[in-house]
Amino acid sequence: MIELILLNLSIIFILFLPGYFLIKALRNKNDDLLGIETLTLSLAISIALIDFIFIFINKLQIPINLFTVILFPGILIIGLAVIYFIKKSPLEEKINTDKKDYKFIKIFLILILFAVVIKGGFLLSKTVPSSTDLGHHMYWAKYIQTFNHLPDYGMPDFIIGEHIIFGVIAIASGVTLVSTMPMIILFLINFCSLFALTLLGYEVAINFTNKKNAKIIALLVFITIGILYAIASPQTKYVSGGVIGNLIGNLFIPLLIFSFLKALRTKQKVYSIIFAILLFGLIFTHHLSSFVFLFISLGFIILTLIVLTAKTLLNKNKLETLKKYYSELKVFLNIKYIIGVIFLGIILLISRIPSYLNPSAVDTAVGVPSKATRTGLSLMSILETAGPWRFFYAAIGVIFFTIIIWGLFINSKKIAERLELTEKFNLKTTVVILFPIVWLGMLFIMSYKPGLLKIDIPSNRIGSYISYPAALLSGFGIFYLLKLITGASAGFKKLFPIVFIIVLGTGIISGLSDISNFYEENSENKTISQVFAGSEFLAEKTEDSDIIIKDHIYMPADTWMKLFLMREYKNPLSRSFLKRYNDPTKNRETCTRDMIAIPDSPVGQSCFKEYETNYVFLKKGYDNQQFENSSNFSKIFSSEDVVIFQRN
Amino acid sequence: MKKYIPVIVLVLLLLTSSLLFWKGEDSLRKSSQNYTLFYFENTQSTTNNIKENLSFLIENNKLETINYKLTHLINNQEVFTETIEVKGNTIKKIAPSDKLFSEIKKIEGDSFMYQIKTNRNSNNFKLTKKISIE
């Protein structure tokens, strides 16, 4: 119980308070959507700030321990809280609840509760730590906890922002990383990414339609991202699978777009500052998400320039139009802001350069696709990844957005009236409409025909990002489709209930089909406990110099062994899936396969000597019989499901 | 009302997280009560104390008492058999008996094996290098 209280307090202290007080200290006007904006931004900003703090203090060679984990975030929180209370105006705190809001609040809370039940219900059966990826990541988090400094990975696969928050919360709370703790942090991140997209939906809509419509759109976006396809990747399955980088990326990317759009609309500096913090946070957290965001931004800049140039050329007073655009961008294009961003970037890059920013890592991601898995997904695969129903309505959303931008471009009153557009063509409306289209479009090209953009990254990894812009656009697609029907002639209006049932019904059938295995107790829990017991045994009985090999094919939770041993990242060695040893492009080592598959053969024995391996950890019933019969190995540990041999 | 929405949502998320954490701890505790471990004690010992090197432990995480038939084999020859009772949630340390020592002294070679027979499966433990017979 005390452990649980400490964990919750640590989560609030590390993952919410720094961001919360930064927003409170800097925001002048509160037009937050039900406070969800503050909650979501608090989490994302806190992740980035905690990363910055510990990257910086690590550079100063200050140890990361319980004292510093409380002290430095504590100083930041108190400092920001003092600023907030000094400038606090009573007006800011006064939030009036409109009667119309109650209906919206009720529906939103019910939807949130529904999403919690779906996601929580699925995760209840995954609470025992066993995910391969999460095991790898948590080794580095425990490295921070054990050695009190940040690791130098020596490989571009890991980025420090994926591990700092876990290490810091483990230190602050005292809760072991071999628990559900990492997964619940990912659950919070994933859930807030649903809010992030909902906020973005509202922010996009509020720029060209009225508040009522924007709220309905926000609810539809929440349904399409948070309730439908709520289990499939990159949603709850990524949470249980420990795909940290993508989950944080899917929180940061919508919030980056949101803070950019809100800075343009409200002209509040706080959102441009948040944009910069989140941008650096993303750069230090996940290479692929940063790469995706870079491509989206490039596509967006090019398309926006084309549209704005065309409109400017059509205008009589071109200079005046350009001046107007510049004044709208002033919240970003001002000298103080630019110097501040450069300064933050320099400080961070001096403190630590992200491991993927080296020529060889960049070379492997950019260029002509080098493998079949990198040449693009089929249309069907993309549909499956995005959710077929969601993708269909996203396509409708794209059509409506194209009509809206065209209507604004030609200043069509008919379109404005029919689609209830409240704004005329300007930089803001162009940006808010183009960003979602470019977001979906770029991801579609990157995953369907990556060769066009010279991208050499596994296409399925890019494809997993597509569901967020698809959900956003499908929210708009559904809204405007229903709007057209309600706004049509009386005969058409009668069809509304039927259309509504068809739209939602097909969505429920398609989007909730994956909750059929809603709660299924993991039958491997017993074996996982034995893997942990065997790992504890090895940690106690063997020396740091001993080399261990384990079987990844059949043994569950095998990557979590590392957290018990805390030796080199590559010790224990691992017998991987057999297909991995057959790579037509290069020769792969095969000793990790042969040491387990043919231990007594000359090849196997020479591998044992070459790798100086002296312990073998296997699941019972899978390749252990040959070790039982061999005179070269002795069994030193056995349970009902796992077994450990020592080389004689 | 509006002011409390983020607090309500945060509490809801933290309560769900707490439930997941509690469930995880409970599942690990329950699943670890469900198996028995057999392992050697101090496998890294550098001493030639045969009792220390060959003693091993049966850790019964189950709640019920389990009876094992322990067979000592030397070069696959059965030399001695005894019954071991391991109570629930206890660790039983087993070392070769005096009778076994006298048997070992008569054997040349360095291979020694324990065989533990349970109701469900058998566990053969073999240790070769660590045996020293004077």
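Sequence order sets the numbering: in each chain, residues are counted from 1 along the sequence as written. Chains and ligands are labelled sequentially in the order written, the chains with letters from A and the ligands with numbers from 1. Side-chain atom pairs in this predicted model are given and counted only at pLDDT of 80 or more, local residue features only at pLDDT of at least 70, and totals for whole chains, interfaces and linings cover all residues. Values reported for side chains reflect all heavy atoms of the structure, with hydrogen atoms and water molecules removed beforehand.

Draft legend 1. Here's a closer look at the overall build of chain A. Scanning chain A from N- to C-terminus turns up 30 helices and five strands. The globule rule is 2.2 Å times the number of residues to the power 0.38, and the radius of gyration it is compared with is taken over C-alpha atoms. Its C-alpha atoms give chain A a radius of gyration of 27 Å, near enough to 26 Å, the size a compact globule of 648 residues would have. Across its three principal axes, chain A shows a C-alpha extent of roughly 90 × 55 × 50 Å. Under the scheme applied here, a residue whose accessible area is under 20% of the maximum for its type counts as buried, over 50% as exposed, and between as partly exposed, the area being computed with a 1.4 Å probe on protein chains only. Every one of the 648 residues in chain A was classed for burial, and the buried ones make up 59%. Contact criterion: two residues are considered in contact whenever any of their non-hydrogen atoms come within 4.5 Å of each other. A fraction of 76% describes how many contacts in chain A between residues 6 or more apart in sequence connect residues 24 or more apart. We score Asp and Glu as negative and Lys and Arg as positive, and we do not count His or the chain ends. To locate a charge, the coordinates of NZ of Lys, CZ of Arg, CG of Asp or CD of Glu are taken. Distance from the positive charge centre (61 side chains) to the negative charge centre (44 side chains) of chain A: 15 Å. Helix numbers and strand numbers start at the N terminus; a helix is a DSSP run of H or I with at least 4 residues, a strand a run of E with at least 2.

Draft legend 2. Seen up close, unusual backbone geometry. Residues and elements named next belong to chain A. Each neighbour pair has its own omega, and for Ser233 with Pro234 the value is 5 degrees, a cis peptide bond. For Pro234, the position within the fold is in the loop between α10 (211-227) and α11 (236-241). With an omega of 15 degrees, the peptide bond between Asn571 and Pro572 qualifies as cis. For Pro572, the location among the structural elements is in the loop between α27 (561-565) and β2 (573-575). Here Asn148, not a glycine, exhibits a phi torsion of approximately 60 degrees, which is positive. On the secondary structure map, Asn148 appears in the loop between α7 (132-147) and α8 (164-173). For Tyr229, which is not a glycine, the phi torsion comes out positive at approximately 55 degrees.

Draft legend 3. A look at the state of the cysteines. Residues and elements named next belong to chain A. We call a pair of cysteine sulfur atoms a disulfide when they lie within 2.5 Å. Within this structure, the stated rule accounts for one disulfide over all chains. Disulfide partner of Cys591: Cys607, at an S-S distance of 2.1 Å. Judged by the torsion about the S-S bond (-75 degrees), the Cys591/Cys607 disulfide is left-handed. In this pair, Cys591 sits in helix α28 (residues 591-597) while Cys607 sits in helix α29 (residues 602-610), placing the two residues 16 residues apart along the sequence. Note on Cys607: relative accessible area 3%, which makes it buried.

Draft legend 4. Main features of the side chain of A:Thr40. Residues and elements named next belong to chain A. Its place among the elements puts Thr40 in helix α3 (residues 36-59). Polar contacts here mean pairs of N or O atoms no more than 3.5 Å apart (in protein, one a potential hydrogen donor and the other a potential acceptor; neighbouring residues in sequence count only if both atoms are side-chain atoms). A polar contact of 2.8 Å, which involves the side chain of Thr40, links it to the backbone oxygen of Ile36. Once residues lying within four places of it in the same chain are set aside, the contact partners of Thr40 are Cys192, Phe195, Ala196, Leu199, Leu251 and Leu255.

Draft legend 5. Spatial organisation of the packing of aromatic side chains. All names here are of chain A. Aromatic pairing here means that ring centres of Phe, Tyr or Trp (its six-membered ring) are within 6.5 Å. Orientation follows from the plane angle: under 30 degrees is stacked, over 60 is edge-to-face, and everything else is tilted. Per the counting criterion, the structure on display carries 47 aromatic pairs over all chains. With a centroid separation of 5.0 Å and 85 degrees between ring planes, the pair formed by Phe479 and Tyr480 is classed as edge-to-face. Of the residues examined, Tyr480 reaches a relative accessible area of 0% and is grouped as buried. Connected via pairs of aromatic rings, a cluster forms that spans Tyr139, Trp140, Tyr143, Phe147, Tyr153, Phe158 and Tyr569. For a Lys NZ or an Arg CZ to count as sitting over a ring, it must be within 6 Å of the ring centre and within 35 degrees of the ring normal. In this arrangement the basic side chain of Lys449 is found over the ring face of Tyr448, its NZ or CZ atom lying 5.5 Å from the centre. Sitting over the face of the ring of Tyr569, Lys562 holds its NZ or CZ atom 4.4 Å from the ring centroid.

Draft legend 6. Spotlight on the sheet that holds strand β3 (residues 613-619) of chain A. Strand pairing is assigned whenever DSSP detects at least two bridges linking the two strands. Strand order in this open sheet of eight strands is β2(A)-β1(A)-β3(A)-β5(A)-β4(A)-β1(B)-β2(B)-β5(B), and the pairing throughout is mixed. In this open sheet, the two strands that pair with only one neighbour each are β2 of chain A together with β5 (90-94) of chain B. Pairwise comparison of adjacent strand axes, ignoring direction, gives a mean angle of 25 degrees for this sheet. Inspection of the sheet shows strand β2 (residues 56-60) of chain B paired to β5(B) by five bridges, in the antiparallel sense. Among the inter-strand pairings, B:Asn60 is bridged to a residue of β5(B), identified as B:Thr90. Axis definition: a line fitted to C-alpha atoms, over the contacting stretch in the case of helices. Angles run 0 to 180 degrees between N-to-C directions.

Draft legend 7. Summary view of the pairing of strand β3 (residues 66-74) of chain B. Residues and elements named next belong to chain B. Burial analysis of β3 places seven of its nine residues in the buried class, which makes it a mostly covered element. Taken together, the nine bridges between β3 and strand β4 (residues 77-86) define a ladder with antiparallel strand orientation. For His72, the partnering residue across the bridge sits in β4 and is Phe80. Linking β3 to β4, which pair antiparallel, is a turn of two residues; within it Asn75 sits at a positive phi near 50 degrees. Two strands pair when backbone bridges link them, and β3 and strand β6 (residues 112-117) are joined in this way by six bridges, in the antiparallel orientation. Note on β6: the bridge partner recorded for His72 is Tyr114.

Draft legend 8. Looking closely at the packing of α7(A) against α8(A). All names here are of chain A. Orientation of α7 relative to α8, taken along the N-to-C sense of each, is 50 degrees, at an axis distance of 8 Å. Accordingly, the angle class assigned to the pair α7 and α8 is oblique. As for the relative orientation of α7 and α8, their crossing is right-handed in sense. For the pair formed by α7 and α8, the contact residues are Met138, Ala141, Ile144 and Gln145 on the first element and Ile164, Phe166, Gly167, Ala170 and Ile171 on the second. In the scheme used here, Gly and all other residues not listed as nonpolar or charged are polar, with Ala, Val, Leu, Ile, Met, Phe, Trp, Tyr, Cys and Pro taken as nonpolar and Asp, Glu, Lys and Arg as charged. Of the residues assigned to the contact of α7 with α8, the class counts are seven nonpolar, two polar and no charged. Between 65 and 115 degrees an angle is taken as roughly perpendicular, under 35 as roughly parallel, over 145 as roughly antiparallel, and anywhere else as oblique. Note: crossing handedness is left-handed where the near helix turns anticlockwise from the far helix by less than a right angle, and right-handed where it turns clockwise.

Draft legend 9. Expanded view of the interface of chain A and chain B. At the interface, 67 residues of chain A touch 45 residues of chain B. What counts as buried area is the accessible surface, traced by a 1.4 Å probe, that two parts surrender upon association, with contributions from both included. Interface area, chain A with chain B, both sides summed: about 4,700 Å², of which 66% is carbon and sulfur. Ranking the residues of chain A by area buried against chain B places A:Lys541, A:Lys635 and A:Glu640 at the top, with a combined share of 12%. Throughout this description, the term salt bridge denotes a Lys or Arg side-chain nitrogen within 4 Å of a carboxyl oxygen of Asp or Glu. Scanning the region where chain A abuts chain B turns up one salt bridge. Across the salt bridge formed by A:Glu640 and B:Lys62, the nearest N and O atoms sit 3.4 Å from each other. Looking at the side of chain A that touches chain B, the elements with two or more residues in it are α1 (2-15), α3, α6 (99-124), α9 (181-206), α26 (525-541), α30 (625-629) and β4 (633-638) of chain A. Here the side of chain A that touches chain B gets 10 residues from one element, more than from any other, and that element is α6(A). In terms of residue class, the side of chain A that touches chain B is built from 37 nonpolar, 19 polar and 11 charged. Here β4(A) runs beside strand β1 (residues 36-40) of chain B; their pairing, made up of two bridges, is antiparallel.

Draft legend 10. Inspection of the packing of helix α12 (residues 244-266) of chain A against helix α14 (residues 287-314) of chain A at higher detail. Residue and element names in this part refer to chain A. Running from N to C, α12 and α14 point in directions that differ by 30 degrees, and their axes come no closer than 9 Å. When the axes of α12 and α14 are compared, the pair comes out roughly parallel. Like other packed secondary-structure pairs, α12 and α14 cross with a definite hand, here right-handed. Counting all contacts with α12, which are made through Gly245, Asn246, Gly249, Ile253, Leu256, Ile257 and Phe260, the residues of α14 involved are Ser289, Val292, Phe293, Ile296 and Phe300. Among the residues making up the contact of α12 with α14, the classes are represented as eight nonpolar, four polar and no charged.

Draft legend 11. Highlighting the pattern of salt bridges. Under the counting rule described, the total for this entry stands at 15 salt bridges over all chains. The closest approach of N and O atoms between A:Glu628 and A:Lys635, which form a salt bridge, is 3.2 Å.

Draft legend 12. Spatial organisation of α3(A). The end-to-end C-alpha separation of α3(A) is 35 Å, in line with the 34 Å expected for 24 residues at 1.5 Å each. Just downstream of α3(A) lies A:Gln61, where phi reads positive at about 60 degrees. Helix span, as expected, comes to 1.5 Å for every residue beyond the first.

Draft legend 13. Representation of α29(A) in the model. Residues and elements named next belong to chain A. Within the sequence span of α29, burial applies to Gly604, Gln605, Cys607 and Phe608. Across the axial projection of α29, the buried residues extend over an arc of 155 degrees, all falling on one side. Counted as exposed and oriented over 90 degrees from the buried face of α29: Pro602, Lys609 and Glu610. For α29, the secondary structure elements touched by its buried residues are α28, β3, α30, β4 and β5 (642-647). Downstream of α29 by one or two residues, Glu612 has phi in the positive range, about 50 degrees. Starting at the helix axis, one direction is taken to each C-beta atom, and the arc is that of these directions.

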